[in-house]
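Summary of structural features
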Amino acid sequence: MSAVDVPPGLGLEGTALATFGAPRRARRLANAVFFITLAFGALTWWGLSRHPYQRHASTLVVLPVSLLAVALLGVAVRRATVFIGREGVRWGWRALSVRQAAERVLEVRVYSDGATLRSQRGHWFLAARDWDRFESMARAMTTVGLPVTRYQGPAPLRQRLQSYGRTLDALLVLAALAQIALSTIPR
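Read on for a plain summary of the structure. Keep in mind it's a predicted model, so treat the numbers as computed, not measured. (Residues numbered from 1 in each chain as written. Predicted model: local features only at pLDDT ≥ 70, side-chain atom pairs only at ≥ 80, totals over all residues. Heavy atoms only, no water.)

A few words now on the packing of aromatic side chains. Scanning all chains against the criterion turns up three aromatic pairs. Here the aromatic rings of Phe34 and Phe35 are separated by 5.2 Å at their centres, their planes lie at 70°, and the arrangement is edge-to-face. Ring geometry for Trp91 versus Trp93: centroids 5.4 Å apart, planes at 65°, classification edge-to-face. A relative accessible area of 19% means that Trp91 is categorised as buried. (Phe/Tyr/Trp six-rings, centres within 6.5 Å; stacked < 30°, edge-to-face > 60°. Buried < 20%, exposed > 50% of the residue type's maximum accessible area, 1.4 Å probe, protein only.)

Structure follows, in C-alpha cells:
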C-alpha cells in the first residue's frame, strides 16, 4: 500500500496531452551563447589575473558574471516547455511551472502568429515563433476542451508585445558580443 501526501492547494498535475518546446534553432543559440560567455569570461578573468591592478579591474570581474547570468537565463527559458492537459495549460519545467487552469480560460484566440488564452485575470500570449509545431498546439487546446476561436491574420499588437522570443534572442547575441569585446580589452 502506498500513500501520497500533497500540501493543501497544490494537487498533483495531470498527464500532459501534448508538450511543446522552443524551436531547435533558438535552443542552439542559447547554448552557444552560454558557452561563448563562459569561455570568453574565463579568458577575461585569466587576463585580469595576469594584470590585476588596472583602472577597470572591478568591471572586468563583475561584467563577465552578469553576462553569463543573461546566458543562463536564455538557456533556462529556452528549455521551458508548454504542457497542455485536461487541467489547463502550463509553461515551465517539470518541477516548476506557471499554470492557466482550464476552468479559468474563457476563450483561446488562435491567430496566424500565436494564441491568446483569455481568462478572468487577463491575457496570456503564446507566440507561434517561440514554439515548435504551433498548429499542433492549437489542435491540442481544442482536444482538451478549451474554447478555441480562430481569427484570420496576426494577433493584436498589445498581445504580441507579450512575446519574448526575438527580444531574448537579441539579448543573447548582445551578451555574447559584449563578452567577446570585454575579453579583447588591452591590459
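What follows is about the side chain of Asp113. Topologically, Asp113 is positioned in the loop between strand E5 (105-111) and strand E6 (114-119). Despite its burial, Asp113 pairs with no opposite charge; the closest candidate is Arg160, at 4.0 Å N-O. A distance of 2.8 Å separates a polar side-chain atom of Asp113 from the backbone nitrogen of Ala155. Sequence-distant contacts of Asp113, that is, excluding residues within four places in its chain, are made with Phe125, Ala127, Ala128, Pro154, Ala155 and Arg160. (Helix = DSSP H or I, 4+ residues; strand = E, 2+ residues; numbered from the N terminus. Lys, Arg positive; Asp, Glu negative; His and termini not counted. Salt bridge = Lys/Arg side-chain N within 4 Å of Asp/Glu carboxyl O. Polar contact = N/O pair within 3.5 Å; in protein donor to acceptor, adjacent residues only side chain to side chain. Contact = heavy atoms within 4.5 Å.)

One non-glycine residue, Arg133, lies in the positive phi region at around 55°. Examined against the element boundaries, Arg133 turns out to sit in the loop between strand E7 (122-127) and helix H3 (134-143). Note on Arg133: relative accessible area 49%, which makes it partly exposed.

Note that Ser183 resides in helix H5 (residues 165-183). At 2.7 Å, the side chain of Ser183 and the backbone oxygen of Ile180 are in polar contact. When near neighbours in sequence (up to four residues on either side) are disregarded, Ser183 contacts Phe40, Leu43 and Thr44.

The sheet built from four strands is open, its strands ordered E7-E6-E5-E8 with mixed pairing. For this open sheet the edge positions go to E7 and strand E8 (148-150), each flanked by a neighbour on one side alone. With direction set aside, neighbouring strand axes in the sheet form an average angle of 20°. Looking at chain direction, E5 and E8 are connected through three bridges and run parallel. If you follow Arg109 over to E8, its bridge partner there is Thr149. Where H3 meets the sheet, its contacts fall on E5, E6, E7 and E8, and the angle it forms with E8 comes to roughly 135°. (Pairing = 2+ DSSP bridges. Axes fitted to C-alpha atoms, helices over the stretch in contact; angles between N-to-C directions.)

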